[in-house]
There are 2 protein chains.
Amino acid sequence: MTTAPIFLISPDRGSVAERSIATTPAPMLFTNGEEIYAQGDRADRLYRVEFGAVRVYRLLADGRRQISAFHLPGEVFGFQADGVHHFFADAVGATGLRVMPRASAGGVTPEVMEFALRCLVRTQEHLLVVGRQNAVERIAAFLLDMAERQGGLEQFDLPMSRTDIGDYLGLTIETVSRVFSKLRAQGVIRLVSLRTVEMKKPGVLRALCE
Amino acid sequence: MTTAPIFLISPDRGSVAERSIATTPAPMLFTNGEEIYAQGDRADRLYRVEFGAVRVYRLLADGRRQISAFHLPGEVFGFQADGVHHFFADAVGATGLRVMPRASAGGVTPEVMEFALRCLVRTQEHLLVVGRQNAVERIAAFLLDMAERQGGLEQFDLPMSRTDIGDYLGLTIETVSRVFSKLRAQGVIRLVSLRTVEMKKPGVLRALCE
DNA sequence: CGAACGCTTGAGCAAATTCAAGTGCGGTGG
DNA sequence: CCACCGCACTTGAATTTGCTCAAGCGTTCG
């Protein structure tokens, strides 16, 4: 799979990456499902997604999983309070990461602080979606978020499976599938392929999120 | 169990806050429900809870509310990425806060970073509770978290109403009430008063959170 | 070609919500 | 001091939403 998203070849991002990690060699490569770090691991690095995507999640003893975030190209993740990871992170499809040792990341730079705080706001907003919105509203919020983070085009890719989407939104895979079908039947979205969405009526999606 | 990491009671928490606001005069006082900041406000201060409690929340257009965090005495809150608050914060009962202008908070000190990252981990863990646990498991996680944050005693207070608890856990007030009654009937907890809980079988609560 | 995997769809069910009374407690005023 | 009022909480019954279980479809890959 790994439909290479269009924005991967955007010129500005590449150049920023090259500057900020000028000394770092080629990105580290991961295959679908490959572990990037695990709960309990030492957290002494930051990661920047070059291509592909990353899911950060936690498990319950019986296997229930909650994905707390997907990270798309250009985003930085991996910060932890006390030097130990409290979550798992693995690759969604073929993924390339720039790895920055914490030392060279400069400790608590304003940039790192900014990333962490943005991540906090994003997680808190996601909590509202999961805690107080119904299935259709959750999917609508998710689609709008994915579209916006991929440049705001009406057509965009979903790098992750329906199962991943369910585990991100607190829904079962069946419910995710049913809501996709319903939105398609209503002409709100079109499924170019299983993993490619075209928003036909973004206004309807936006109205659903209030 | 997911919501009460051991490190929360590590001694550095209190001492850091006390040092950093040594020069601040008497705490600012708030009555029940009084606004501390609103969505859209400039975020140029940090707050430390002296007594009482604080709820941080967000609203949907139709009034549905998601509380993303309660802050208890000793805890610091109010950091935001881009200098603008994305949430509301108000007092739960009579509350006293130490206010620290961001300047005197020293910009991005390691301490502030530490607080923000802890808040992030806590929110991500709460997301697992809300996204993937049932009503009984959510209440169990909540009670254990509240107990631990108040010193780990078997008896402790709930500063907030059942409505607040519901809006924190993504449940209705009726469901919260029913679960409390069920746990009481099973002898897992005792309600000394409406807002005072005694854990009779903490092991059962812990088992519920896996 | 067959197996595996990811996705879809249907039917029945269970958990939590909604709607609707009731209870108990703290505060106010007669 | 006691009665009453308001508010927070509890409890019950009916309903709904999303889940579970089960079967079927389509694509990919060996």
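Residues numbered from 1 in each chain as written. Chains lettered and ligands numbered in written order. Predicted model: local features only at pLDDT ≥ 70, side-chain atom pairs only at ≥ 80, totals over all residues. Heavy atoms only, no water.

## Looking at the UniProt feature "domain: HTH crp-type" (unreviewed entry) in chain A
Put simply, the rule is: UniProt positions are given in the numbering used here, feature names are shortened, and annotations may be inferred rather than shown by experiment. By the criteria applied, helices consist of DSSP H or I runs no shorter than four residues and strands consist of E runs no shorter than two, each listed in order from the N terminus.
Those places that UniProt annotates as "domain: HTH crp-type" (unreviewed entry) correspond, in this numbering, to residues 133-203 of chain A. Taken end to end, residues 133-203 of chain A has its terminal C-alpha atoms 18 Å apart, with 54% of it in helix and 17% in strand.

## A short note on the domain arrangement of chain A
All names here are of chain A. Filter applied, for reference: Boundaries between domains were set according to an automatic or database domain assignment. Only heavy atoms matter for contacts: two residues are in contact if any of them lie within 4.5 Å across the pair. What counts as buried area is the accessible surface, traced by a 1.4 Å probe, that two parts surrender upon association, with contributions from both included. Salt bridge, as used here: a side-chain nitrogen of Lys or Arg that lies within 4 Å of a carboxyl oxygen of Asp or Glu. Polar contacts here mean pairs of N or O atoms no more than 3.5 Å apart (in protein, one a potential hydrogen donor and the other a potential acceptor; neighbouring residues in sequence count only if both atoms are side-chain atoms).
Partitioning chain A into domains gives domain 1 (6-125) and domain 2 (133-209). Contacts between domain 1 and domain 2 engage 14 residues on the former and 12 residues on the latter. Interface area, domain 1 with domain 2, both sides summed: about 1,200 Å², of which 55% is carbon and sulfur. For domain 1, the biggest contributors to the area lost against domain 2 are R65, F70 and L72; these three give 45% of the whole. The interface formed by domain 1 and domain 2 includes 5 salt bridges. Among the ionic pairs, D164 bridges to R55, the shortest N-O distance being 2.7 Å. At the junction of domain 1 with domain 2, the criterion picks out 8 residue pairs in polar contact (both at pLDDT 80 or more). When residues of the side of domain 1 that touches domain 2 are traced back to their parent elements, those giving at least two are β3 (45-59) and β4 (65-71).

## Comments concerning the protein's contact with DNA strand C
For the record, the criterion: If even one non-hydrogen atom of a residue comes within 4 Å of a molecule or strand, that residue is called near it. Charged means Asp, Glu, Lys or Arg here, nonpolar means Ala, Val, Leu, Ile, Met, Phe, Trp, Tyr, Cys or Pro, and polar covers whatever is left, Gly included.
Surrounding DNA strand C, one finds 17 residues, the nearest of these being S177, R178 and S181 of chain A together with A135 and T175 of chain B. Within 4 Å of the protein, the contacting atoms of DNA strand C are drawn from sugar and phosphate to the extent of 65%. Note that a phosphate oxygen of DNA strand C is positioned 2.3 Å from one of the side-chain N or O atoms of S181 of chain A. Within the side chain of R178 of chain B, a nitrogen or oxygen atom sits 2.9 Å from a base oxygen of DNA strand C. Of all the elements in the fold, those that place two or more residues in the surface near DNA strand C are α5 (173-185) of chain A together with α5 (173-185) of chain B. A per-element tally of the surface near DNA strand C places α5 of chain A first, with 5 residues. Partitioned by chemical class, the residues of the surface near DNA strand C number 3 nonpolar, 7 polar and 7 charged.

## Focus on the sheet that holds strand β7 (residues 155-157) of chain A
Residues and elements named next belong to chain A. Here is the rule we go by: By the convention used here, strands pair only if DSSP detects at least 2 bridges between them. Each axis is a line fitted through C-alpha atoms, taken for helices only over the stretch in contact, and angles between the N-to-C directions span 0 to 180 degrees.
On the basis of which strands lie adjacent, the open sheet formed by 3 strands has the order β7-β9-β8 and antiparallel pairing. The strands lining the two open edges of the sheet, one partner per strand, are β7 and β8 (189-193). The mean angle between the axes of side-by-side strands here comes to 30°, regardless of whether they run parallel or antiparallel. Of the pairings in the sheet, the one linking β7 to strand β9 (residues 196-199) comprises 3 bridges and is antiparallel in character. Bridging from a neighbouring strand, Q155 pairs with E198 of β9. The sheet strands contacting α5 are β8 and β9, and the helix crosses β8 at an angle near 115°.

## Looking at the UniProt feature "domain: Cyclic nucleotide-binding" (unreviewed entry) in chain A
In the numbering adopted here, UniProt assigns the feature "domain: Cyclic nucleotide-binding" (unreviewed entry) to residues 30-78 of chain A. Secondary structure within residues 30-78 of chain A divides into 0% helix and 57% strand; the distance between the first and last C-alpha atoms comes to 16 Å.

## As for the pairing of strand β4 (residues 65-71) of chain B
Residue and element names in this part refer to chain B. To keep things clear, this is the line we draw: Relative accessible area decides the class of each residue, using a 1.4 Å probe on protein chains only: under 20% of the type maximum gives buried, over 50% gives exposed, and in between gives partly exposed.
For β4, a buried count of 7 out of 7 residues is recorded, marking the element as mostly surrounded by other parts of the structure. Sheet analysis places strand β3 (residues 45-59) next to β4, joined by 6 bridges and oriented antiparallel. Within β4, the residue paired with V56 across the bridge is A69. Linkage of β3 to β4, two consecutive antiparallel strands, is achieved through a turn of 5 residues, within which G63 is found at a positive phi near 100°.

## Section: the interface of chain B and chain A
The interface is formed by 48 residues belonging to chain B together with 45 residues belonging to chain A. With both chains or domains summed, chain B and chain A bury close to 4,100 Å², and 66% of this area falls on carbon and sulfur atoms. Considering only the side of chain B, the residues that lose the most area to chain A are Q124, L127 and R132 of chain B, jointly responsible for 18% of the buried surface there. At the boundary of chain B with chain A, the tally comes to 8 salt bridges. Taken together, chain B and chain A are joined by 16 residue pairs in polar contact (both at pLDDT 80 or more). Mapped by element, the contributors of at least two residues to the side of chain B that touches chain A are β4, α2 (110-132) and α4 (162-169) of chain B. Classifying every residue of the side of chain B that touches chain A by side-chain character gives 22 nonpolar, 13 polar and 13 charged.

## A word on the sheet that holds strand β8 (residues 189-193) of chain B
Residues and elements named next belong to chain B. Read from one edge to the other, the open sheet built from 3 strands follows the order β7-β9-β8, with strand pairing classed as antiparallel. The open sheet is flanked by β7 (155-157) and β8, the only strands paired with a single partner. Across this sheet, the average inter-strand angle for adjacent strands is 25°, counted without regard to direction. In the packing of α5 onto the sheet, contacts are made with β8 and β9 (196-199), and the angle to β8 comes to roughly 115°.

## Quick word on the packing of helix α4 (residues 162-169) of chain A against α5 of chain A
All names here are of chain A. Spelled out, the test is: Here roughly perpendicular refers to angles of 65 to 115 degrees, roughly parallel to angles under 35, roughly antiparallel to angles over 145, and oblique to all remaining angles.
Between α4 and α5, the least distance of the axes is 8 Å, while the angle of their chain directions is 105°. Overall, the two elements α4 and α5 adopt an arrangement that is roughly perpendicular. For the pair formed by α4 and α5, the contact residues are R162, T163, I165 and G166 on the first element and I173, V176 and F180 on the second.

## Section: the relation of the copies chain B and chain A
Let me state the cut-off plainly: Each copy is superposed on the other by least squares, with the fit set by C-alpha atoms of residues at a pLDDT of at least 70 in both.
Superposing chain B onto chain A takes a rotation of 180° plus a shift of 0.0 Å along the axis, which leaves an RMSD of 0.1 Å. Here the two chains are linked by the operation of a two-fold rotation axis. Every residue of chain B has its C-alpha some distance from the rotation axis, and the shortest such distance is that of L120 of chain B, at 2.6 Å. The share of interface residues of chain B whose copies in chain A are also at the interface is 94%, consistent with both copies meeting through the same surface.

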